[in-house]
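# A structural walkthrough
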Amino acid sequence: MRRILIIRGRVRFFFFLTLATQAFGGGLGSHPHLVVADSPGAVRDGVRVTYLGTNGYQFEFKGHALLVDPYFSRVDLLSVALGPRIQPNTSCINDGLRHIATKADAILVTHGHFDHLLDVPAVMAKTRARLIASASSVDLAKRAGASSGDAVKPGDVRRIGPWKIRVLSATHDRLFGKVPFDRTLSQAGLSAEAAYSAEAAAKAGSAKAGPPQRAADWVCGEPLAFLIEVNGQRIYIDSGGTPTQLPPNESGSRQMDLAILGMALPDSRARLHTALERLHPRYILPSHQDNFFRPLSAGFQFGSLTDFPFVERECAQQNRSRLILLDYFKPWALPAAVNPKSQAPHSRRD
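In this report, the structure presented in the accompanying data block is examined. (Residues numbered from 1 in each chain as written. Predicted model: local features only at pLDDT ≥ 70, side-chain atom pairs only at ≥ 80, totals over all residues. Heavy atoms only, no water.)

### Description of the overall build of the chain
As a reminder of what qualifies: Segments assigned H or I by DSSP are reported as helices when at least four residues long, segments assigned E as strands when at least two residues long, and all are numbered from the N terminus. Exposed residues in this analysis have more than 50% of their type's maximum accessible area, buried residues have under 20%, and partly exposed residues fall in between, with area computed by a 1.4 Å probe over protein chains only. Every residue pair with non-hydrogen atoms within 4.5 Å of one another is taken to be in contact. With residues, only the protein chains shown are counted as cover, and all accessible areas are computed by Shrake-Rupley using a 1.4 Å probe.
If you tally the helices and strands in the chain, you get 11 helices and 14 strands. Counting only residues that meet the buried cut, the chain has 52% of its 350 residues in that class. Considering only intrachain contacts with a sequence separation of at least 6, the fraction spanning at least 24 residues in the chain is 73%. Carbon together with sulfur atoms contributes 53% to the accessible area of the chain, which is approximately 16100 Å² in total.

Encoded structure:
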């Protein structure tokens, strides 16, 4: 038992050191030519994209809003590594919500880690948004206070307001060869999704689990990516991944207007070249690059593990794509394609 505790202590210590290195990254000031934003007070008719920090985004179109992974609490590093409990920061959430629409059609969640899902129940209550996420993430959100959730799986399609949302398979980057906070139940003969579904819990006769408290309780579950279609434009978004699961192959299809790709860890960068070849995006927005242990009010700071110079070099090879960066809460209107006909929606309904 003592040996197990020592090993766990070492794992936590090295995990702590790895995360702590993120505090030494630079800001956006070194890349002013890549940062895009609308002029203050500008009125745009197209799709507007607002960065909320970490892997959080708001998409707006004609009075409708769609959120992805909204996370404003920015729990500090020590609380994550050593604290017995983490919880949403109401003040930070309210500050963040002042920058976005008061009402949202839906919240899409890529996976169940705290930096993606922790604030979602509170944001749902404030914006009256519908939650769309994997079964495990919906279960976590409900245990944390969400009133409901739409559990989806790869291949599902949702049409909400002007948004058409395709649910896609994804993977999560590894740290020390493993996905952080990834509770597997293979020994019980169940997948993570089945184990977290109410049906599986009922069959097993187990009591409903309590609310998540520690960072490790916010388990990854099944990661998802999304393809969002609106206004004849197509936006792909994920939170990272590995080369074993690539975005959909868009070769010979309509060009992707915007690809938002998580770039937090080496696994994501290893698949970047092939991912861009498959998506053919007009704009590339690398995501999940900031130090998400710092308050949003402290400003954007790259995590040193993200290796943005590598991302720049890889994106430079995509001569039909433009690499961009967004700062917190500064909206940017996605430009219309030069040839709108090539971007028109398919007449066929999925």
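### Quick notes on the pairing of strand S8 (residues 163–169)
What counts is decided by this rule: We treat two strands as partners when DSSP finds at least two bridges between them.
Burial within S8 is extensive, with five of its seven residues counted as buried. Two elements, strand S7 (residues 157–160) and S8, share four bridges in a ladder whose sense is antiparallel. Counted as the bridge partner of Val 157 is Arg 166 from S8. Hairpin connection between S7 and S8: a loop of two residues separates the two successive antiparallel strands, and Gly 161 in this loop has a positive phi of roughly 55°. In this sheet, strand S9 (residues 224–230) lies alongside S8 in antiparallel orientation, the contact comprising six bridges. When the sheet's bridge partners are listed, Val 167 is paired in S9 with Phe 226.

### Details of helix H6 (residues 135–143)
A large share of H6 lies buried, amounting to seven of its nine residues. Residues of H6 that are buried: Ser 136, Ser 137, Val 138, Asp 139, Leu 140, Ala 141 and Arg 143.

### Description of the pairing of strand S1 (residues 48–53)
Within S1, six of the six residues are buried, leaving the element largely enclosed by the surrounding structure. Here S1 runs beside strand S2 (residues 56–61); their pairing, made up of five bridges, is antiparallel. Counted as the bridge partner of Tyr 51 is Tyr 57 from S2. What sits between the antiparallel neighbours S1 and S2 is a turn of two residues, in which Thr 54 has the positive phi angle 55°. As defined by bridge partners, S1 adjoins strand S14 (residues 332–333) across two bridges and the pair is classed as antiparallel. When the bridges of S14 are listed, Arg 48 appears paired with Ala 333.

### Side note on the sheet that holds S2
Operational definition: Axis definition: a line fit to C-alpha positions, over the contact stretch in the case of helices; interaxial angles, taken between N-to-C directions, run 0 to 180 degrees.
The strand order across the open sheet built from seven strands is S6-S5-S4-S3-S2-S1-S14, with neighbouring strands paired in mixed fashion. A single partner strand is all that each edge strand has here, and the edge strands are strand S6 (150–151) and S14. Where helix H5 (residues 120–127) meets the sheet, it contacts strand S3 (64–68), strand S4 (106–108) and strand S5 (130–133), and its direction lies at approximately 160° from that of S4. Helix-sheet contacts for H6 involve S5 and S6, and the interaxial angle to S5 is about 140°.

### Observations regarding the pattern of salt bridges
Keep this limit in mind: What makes a salt bridge here is a side-chain nitrogen of Lys or Arg within 4 Å of a carboxyl oxygen of Asp or Glu, nothing more.
According to the stated counting rule, one finds 14 salt bridges in the structure shown. For the salt bridge of Arg 98 with Asp 95, the shortest nitrogen-to-oxygen distance reads 2.0 Å. Relative accessible area serves as the criterion here: at 63%, Arg 98 is assigned to the exposed category. The salt bridge involving Asp 257 is made with Arg 282; its shortest N-O contact spans 2.9 Å. Note that Asp 257 is positioned in strand S11 (residues 256–262) and Arg 282 in strand S12 (residues 281–287), a separation of 25 residues in sequence. Here Asp 257 matches Arg 282 in class, with each residue buried. Among the ionic contacts, a cluster of salt bridges with common partners joins Asp 38, Arg 48 and Glu 60.

### A short note on the packing of helix H10 (residues 272–279) against helix H11 (residues 308–316)
Angle between the axes and distance between the axes are the two parameters that describe a pair of packed helices. Filter applied, for reference: A crossing counts as left-handed when the near helix is turned anticlockwise from the far one by less than a right angle, and as right-handed when that turn is clockwise. Side-chain classes are defined by residue name, with Ala, Val, Leu, Ile, Met, Phe, Trp, Tyr, Cys and Pro counting as nonpolar, Asp, Glu, Lys and Arg as charged, and the others, Gly among them, as polar.
Taken N-terminus to C-terminus, the directions of H10 and H11 make an angle of 40°; their axes are 10 Å apart at the nearest point. In this structure, H10 crosses over H11, and the sense of that crossing is right-handed. The segment H10 lies against H11, with Leu 272, His 273 and Leu 276 engaging Val 311, Glu 314 and Cys 315. Residues that form the contact of H10 with H11 fall into these classes: four nonpolar, one polar and one charged.

### Details of the packing of aromatic side chains
Basically, it comes down to this: For Phe, Tyr and Trp, where Trp contributes only its six-membered ring, two rings pair if their centres lie within 6.5 Å, and the inter-plane angle classes them as stacked under 30 degrees, edge-to-face over 60, or tilted in between.
Tallied over the full model, the rule gives 12 aromatic pairs. Ring centres of Tyr 51 and Tyr 57 lie 5.1 Å apart, and the angle between their planes is 35°; this geometry places the pair in the tilted category. Taken individually, Tyr 51 and Tyr 57 each receive the classification buried, so the pair is uniform in this respect. Relative to Phe 292, the ring of Phe 114 has its centre 6.4 Å away and its plane inclined at 65°; by these criteria the two rings are edge-to-face. Of this pair, Phe 114 sits in helix H4 (residues 114–117) while Phe 292 sits in the loop between S12 and H11; the two residues are 178 residues apart in sequence, bridging distant segments of the chain. Of the two residues examined, Phe 114 and Phe 292, each falls in the buried class. Among the aromatic residues, those joined into a cluster by ring pairs are Tyr 51, Tyr 57, Phe 59, Phe 300, Phe 302, Phe 308 and Tyr 328.

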